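Letter by letter, the chains look like this.
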Amino acid sequence: ETGVTQTPRHLVMGMTNKKSLKCEQHLGHNAMYWYKQSAKKPLELMFVYSLEERVENNSVPSRFSPECPNSSHLFLHLHTLQPEDSALYLCASSQDSGAGVENTIYFGEGSWLTVV
Amino acid sequence: GNSVTQMEGPVTLSEEAFLTINCTYTATGYPSLFWYVQYPGEGLQLLLKATKADDKGSNKGFEATYRKETTSFHLEKGSVQVSDSAVYFCALTPATGGFKTIFGAGTRLFVKA
């Protein structure tokens, strides 16, 4: 079983739909992340949770709503998205990153989202 | 602030050619440096890393040396294969730790048989 698993791998949704992306990590890590990867744009950090507490929210529109019920699971709830939100959404995890600690990030395979 | 700059792609090479992908960074102190690789249809995975100056990270024939004096972490491989075709990302974690790993824009590599 891979370290970080994401479901679904592909999702097509209309602009008025509500859907969720799910992520589970099997690595015993304390931190979990959502990244957005669009064509021709750098990887964008969206949210970070450490020990189930949100520690980073990079000016993400409210139509994206994260949820972290425990340190192994992370969700991204999607509501009234726009076509420009179509992208690959990557979940990741890492061990807690204090000062002086290198922070290797382990990624899932991503969820391809198409908004029509 | 912290930043990572890597060479624009795509880079197209023939099999067995030598590969260099340049990466330079801006950061205070001694960040940790990484190369991640993304194969088609997959997420990113760690390729190699270095956590202090003059360290050399290596994996699968790829190497990169942490050069503090030139603030660089260039990726090299002596003989590329078709299976190395992927997107390569240089990244850093600040010396202060934290969760803001900074990624470069990525360099796409095509290797022709």
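Here the structure is shown first, and the text comes after it.
Heads up: these notes are all about the structure in this document. (Residues numbered from 1 in each chain as written. Chains lettered and ligands numbered in written order. Predicted model: local features only at pLDDT ≥ 70, side-chain atom pairs only at ≥ 80, totals over all residues. Heavy atoms only, no water.)

The next subject is the pattern of salt bridges. Residue and element names in this part refer to chain A. All chains considered together, the criterion is met by six salt bridges over all chains. Between Glu109 and Arg9 there is a salt bridge; the shortest N-O distance is 2.9 Å. Of the two residues, Glu109 is situated in the loop between β10 (106–107) and β11 (111–115) and Arg9 in the loop between β1 (4–7) and β2 (10–13); the sequence distance between them amounts to 100 residues. Exposure remark for Glu109: the relative accessible area of 38% places this residue in the partly exposed category. (Salt bridge = Lys/Arg side-chain N within 4 Å of Asp/Glu carboxyl O. Helix = DSSP H or I, 4+ residues; strand = E, 2+ residues; numbered from the N terminus. Buried < 20%, exposed > 50% of the residue type's maximum accessible area, 1.4 Å probe, protein only.)

Turning to the state of the cysteines, a few remarks are in order. Across all of its chains, the model carries two disulfides over all chains by this definition. Across the disulfide from A:Cys23 sits A:Cys91; the S-S distance is 1.9 Å. Between A:Cys23 and A:Cys91 the sulfur-sulfur dihedral comes to about -75 degrees; the bridge is accordingly left-handed. Residue A:Cys23 is found in strand β3 (residues 18–25), and its partner A:Cys91 is found in strand β9 (residues 87–94); the two are separated by 68 residues along the sequence. For A:Cys23, a relative accessible area of 0% gives the class buried. Residue pairing for B:Cys23: its cysteine sulfur links by disulfide to B:Cys90, the two sulfurs lying 1.9 Å apart. Its torsion about the S-S bond being -70 degrees, the disulfide of B:Cys23 and B:Cys90 is classed as left-handed. A residue pair is termed long-range when its members are at least 10 positions apart, and B:Cys23 in strand β4 (residues 23–26) and B:Cys90 in strand β10 (residues 86–93) qualify at 67 residues. (Disulfide = S-S within 2.5 Å.)

The omega torsion across A:Thr7 and A:Pro8 is -10 degrees, close enough to zero to call that bond cis. One non-glycine residue with positive phi stands out, namely B:Glu16, at about 75 degrees. Inspection of the secondary structure assignment puts B:Glu16 in the loop between β2 (11–14) and β3 (19–21). Backbone geometry at B:Lys60 places phi at a positive 55 degrees, although glycine is not the residue there. Topologically, B:Lys60 is positioned in the loop between β7 (56–59) and β8 (62–65).

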